[in-house]
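Chain by chain, the residues:
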Amino acid sequence: MPQALPAYQTTEMQGAQAIGAWQRWMSSLYGLETDVYGDAQFTARLGTFALGRMGMTKIEAHRHRVRRTSATMVSHQTDFLKIVAPWQGHATVCQQGREAKGGSGQWTIYDTTQEYEVLNPEWSEHLIITLPKSRLQSPGRAFEDLMGGYVGGAQGVSRIALDVMRGMYAEY
């Protein structure tokens, strides 16, 4: 049975209060820096649950960016690979000098043990999956070249994976 974590939302907040709450949540929950492109208004909803060491999060939010820097890595250590699978809007993942943009029906993957930035330049609804990196690593399994990259989602195995991720979230 999944373990539901608290839902966070800024729908009852205005302006700087909502932006400040969002920044605190991103920092305390994920060790991320965030901004809202200088906008004065911001609304967001964040719901998450855990299935063992795997996490599933649905984010609905106005435009924003999140960054994991060397400074935030010191204060908030993680051992996860993250997948962002947009339902609406776009997400651009920047990591290791690569940039991958994904929209509805697509997904990208990145490594939270390294610096990264995710740009969400418009209102978005995303499914975020966290997978324990250490459980996936083994000799001969090199996935570093995928990090910060576009995986797909339109056809083949990447489409099956996207359908499974969304189906799992819908079950809970």
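Reference entry: report on the structure contained in this document. (Residues numbered from 1 in each chain as written. Predicted model: local features only at pLDDT ≥ 70, side-chain atom pairs only at ≥ 80, totals over all residues. Heavy atoms only, no water.)

1. Re the sheet that holds strand 3 (residues 33-35)
Sheet strands pair by backbone hydrogen bonding; their relative direction is either parallel or antiparallel.
Right, on to step 1. Taken in spatial order, the 5 strands make up an open sheet running 3-6-11-8-9, and their pairing is antiparallel. Strand pairing shows two members of the sheet lacking a second neighbour, strand 3 and strand 9 (98-102), which therefore form its edges. For this sheet, the mean angle separating the axes of adjacent strands, direction not counted, is 15°.
Right, on to step 2. Bridging between strand 3 and strand 6 (residues 64-68) involves 3 bridges; their strand directions are antiparallel. Within strand 6, the residue paired with glutamate 33 across the bridge is arginine 67.
Right, on to step 3. Strands strand 3 and strand 6 of the sheet are contacted by helix 1 (residues 15-30), whose axis makes an angle of about 160° with strand 3. (Pairing = 2+ DSSP bridges. Helix = DSSP H or I, 4+ residues; strand = E, 2+ residues; numbered from the N terminus. Axes fitted to C-alpha atoms, helices over the stretch in contact; angles between N-to-C directions. Contact = heavy atoms within 4.5 Å.)

2. A look at the pattern of salt bridges
Right, on to step 1. Inspection of the entire model under this criterion finds 9 salt bridges.
Right, on to step 2. Where aspartate 79 meets arginine 53, a salt bridge forms, and the shortest distance between an N and an O atom there is 4.0 Å. With aspartate 79 in the loop between helix 2 (70-75) and strand 7 (80-88) and arginine 53 in the loop between strand 4 (44-51) and strand 5 (54-61), this residue pair connects regions lying 26 residues apart in the sequence.
Right, on to step 3. We classify arginine 53 as partly exposed; its relative accessible area is 41%.
Right, on to step 4. Among the ionic contacts, a cluster of salt bridges with common partners joins Glu33, Asp35, Arg65, Arg67 and Glu117. (Salt bridge = Lys/Arg side-chain N within 4 Å of Asp/Glu carboxyl O. Buried < 20%, exposed > 50% of the residue type's maximum accessible area, 1.4 Å probe, protein only.)

3. A short note on the environment of leucine 32
Right, on to step 1. Inspection of the secondary structure puts leucine 32 in the loop between helix 1 and strand 3.
Right, on to step 2. Distance from leucine 32 to arginine 67, taken between C-alpha atoms, is 5.5 Å for residues 35 residues apart in sequence.
Right, on to step 3. Setting aside residues up to four positions removed in sequence, leucine 32 forms contacts with Met26, Ser27, Val66, Arg67, Arg68, Lys82 and Tyr116.

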